[in-house]
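# An overview of the molecular structure
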Amino acid sequence: MTGTAMPRQQLREGLLLLPLLFVVVALLLVPLLTLLHSSFQGSQGLVVGQKGGGWTLANYTQFFLSAASRRALGNSLWISLGVSAFSTLLCLAPAWLLVRYEFRGKRWLRAFFTLPMAFSGIIIGFLTVIMLGRIGVVPRAIEALTGSDWFYGTAYGFGGILIAYLYFEIPRATMTLESAIQKLDPRWELAAASLGASPWQRFRFVTFPLVLPALLSTFAVTFSVSLGSFGVVLVISKRFSLTPIQIFEEVYALSNYEAAATMSVVLIVLGLIVNFLIRTLAARVLAHRA
Amino acid sequence: MHNRSLLATTVVFGVTVLLLCIVIAPVLTVIAGSFLNTSFLGISSEQWVGGKGGTGDLITFKWFGYVLELYRPQMIFGVQLALWNVAVCLLVGVPGGYALVRRAFPGCGVIEDLLLLPLSIPGLTISIGLLQAYGIIRGKWWLLLAGQVLYTLPFMVRSVTSTLRSYDHATLERAARSLGAGFWQTCWLVTLPSLRHALVVGSLLVFAISFGEFNVSFLLNTPLHQGFPAALYATYTTNSFQVSSAATTLFLLIIVPVLLVIQALGGRETSRIEQGA
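The numbers attached to residues start from 1 for each chain and follow its sequence in the written order. Here every chain gets a letter starting at A, and every ligand a number starting at 1, in the order they are written. Local features in this predicted model are restricted to residues of pLDDT 70 or higher, and side-chain atom pairs are both shown and tallied only at a pLDDT of 80 or more, whereas totals for entire chains, interfaces and linings draw on every residue.

### A word on the interface of chain B and chain A
In this description, any two residues whose backbone-derived C-beta atoms lie within 7 Å of each other are considered to be in contact. In this assembly, 71 residues from chain B lie in contact with 69 residues from chain A. For the purposes of this entry, the term helix denotes a DSSP run of H or I that reaches at least four residues, the term strand denotes a run of E that reaches at least two, and both are numbered from the N terminus. Counting residues per element, the ones that place at least two in the side of chain B that touches chain A are helix 1 (6–35), helix 2 (62–102), helix 3 (108–116), helix 4 (123–133), helix 5 (141–166), helix 8 (196–212), helix 9 (228–238) and helix 10 (241–274) of chain B. With 16 residues, helix 1 of chain B is the largest single contributor of residues to the side of chain B that touches chain A. Asp, Glu, Lys and Arg are counted as charged, while Ala, Val, Leu, Ile, Met, Phe, Trp, Tyr, Cys and Pro are counted as nonpolar; the rest, among them Gly, fall into the polar class. Here the side of chain B that touches chain A is built from residues that sort into 52 nonpolar, 17 polar and 2 charged.

Right, dumping it as structure tokens:
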């Protein structure tokens, strides 16, 4: 490389990067900063275009003083944590199967598991109502078989929400875990077996510690998706609130963009904190091993 | 491997089959409900479609006609929007992904992290930021496109960068250059052909995600420009379950072939890598 070729090449690559940089700045950073800015602005209420009362913390105090807001935030947090833990553990099975077992129709199995990837929350909410709602297929079948009407309306309770959220986490958790397990060397387990370890011991002392970082990163991915989802609850439940639902109501029903921005900032920060904690934990696990 | 315990295999297979049922059963039920006459179960949508067609038929496709009549604009716009998404992602993501792999500038790592950031930020919050930043209350369709691009672009860029990082593209390009090819010639004859598979899979993925996206799109939809999920939401909240099932089945008819092609292409590629080609 000659001395003049290098900067020219760098310039050209810089130009190639420019559209991407524009997207990141204009569509991500500007909206995020706008959210942050307007969360500290006085509320304009229903009057669009009228300037608010300048800088204030009122939006945040209002948010944290409101019992409904706190309950919605708590619901969002606990549901997301619970569902991600649940789906990460369950999806370990299909991920393991896809990597370590050879069988016919494996590609079909993977295809079926990726199906929910393109379903938005509302579709999954509808599927849940069809299956577990008041006239749902499963409760009807159970009543026909056993005579028990106990399962009617499962969709509208916590169980229904859990299954609906599991539905859209299945492809995400399975894919993330599958690529992590692909990197595991099966000889570690063989070595442990040759040293006389039982299957349980192999899992507990060899496999589990090796996949733990992958489990944590899968947990982080699924948590983020769950935290931002609102379609399921929008379709299923009217009495059960989440922060995204509240944000939607502030905008849709009250046109209170400042309150919506405040809730958005709280939700984003909560998501980033949990993500950061999980990443730190994963890094510590890796460091501990080395 | 002969050291597998029977118990472990049973658990792995059992849980997988259970999850498979959870995924497939609702889809099959909805498809069945969209064309089977369920009035014998005491559930019927007759009032919604004006009682046209014989009520005695077991199979009827009248709900599809009803949905197509009512929601054709959303369906067409949804496809158009998804195609726009693919175009923008190709134009922005391919050169950008290339530049990111080349690490032309010190900040490239940060840009790559920022690009993936939307995947861990709720779409609804970004849509409010976009509405406020650009001062348009329920405004223009390009704002909807902008919001979706933010959530589809990471997939295109990742598909480009992971392909470029999987082989020594720099050496290959240097070889082409040393043989006298110019920069654009190298791009056209060496780099882009090596990305062909990544671009096809990336485009299909972007199309599928855009067509089904609801989180960031919900508040960015305008009365005149709405994607198909908006029509689905309308049927879920205002229509009977059979009309909703028909609408959902139409959605599946568009999205499932795309997902299957992605799987088929992905499988071929991975097997080629496994064979060491």
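### What to know about the confidence of the model for chain B
All names here are of chain B. As a per-residue quantity, pLDDT reports the predictor's confidence and falls between 0 and 100. The predicted model of chain B averages 83 in pLDDT, with 86% of residues at 70 or higher. Per-residue pLDDT, averaged within each element of chain B, yields its smallest value for helix 10 (78) and its largest for helix 8 (92). With pLDDT under 50 throughout, residues 268–277 is counted as low confidence; its partners more than four residues away or in other chains account for 2 contacts. We note a pTM of 0.87 for the whole complex and an ipTM of 0.85 for its interfaces.

### Examining the packing of helix 5 (residues 121–132) of chain A against helix 1 of chain B
Each pair of packed helices gets described by two things: the angle between the helix axes and the distance between those axes. Contact geometry for helix 5 of chain A and helix 1 of chain B: axes closest at 9 Å, N-to-C directions at 80°. The angle between the axes of helix 5 of chain A and helix 1 of chain B places the two elements in the roughly perpendicular class. Between helix 5 of chain A, through L127, I130 and M131 of chain A, and helix 1 of chain B, the contact on the second element is made entirely by A25, P26, T29, V30 and G33 of chain B. Of the residues belonging to the contact of helix 5 of chain A with helix 1 of chain B, the class tally is 6 nonpolar, 2 polar and no charged. Only the stretch in contact is used when fitting a helix axis, every axis being a line fitted to C-alpha atoms; angles between N-to-C directions are given from 0 to 180 degrees. Angular relationships are summarised with four words: roughly parallel below 35 degrees, roughly antiparallel beyond 145, roughly perpendicular across 65 to 115, and oblique for the angles in between.

### As for the confidence of the model for chain A
Taken over all residues, the pLDDT of chain A has a mean of 85, while the share at 70 or more is 93%. Here helix 6 (residues 137–146) of chain A stands out as the least confident element of chain A, with mean pLDDT 80; helix 3 (residues 67–100) of chain A is the most confident, with 92.

### Regarding the environment of P118 of chain B
Of note, P118 of chain B is situated in the loop between helix 3 and helix 4. Around each residue's C-beta, the other C-beta atoms within 10 Å are counted; 20 or more make the residue buried, 12 or fewer make it exposed, and counts in between make it partly exposed. All C-beta atoms are placed from the backbone. With 23 C-beta atoms counted inside 10 Å, the residue P118 of chain B sits in the buried group. With sequence-adjacent residues up to four places away left out, P118 of chain B is seen in contact with L28 of chain A together with I126, L150, Y151 and P154 of chain B.

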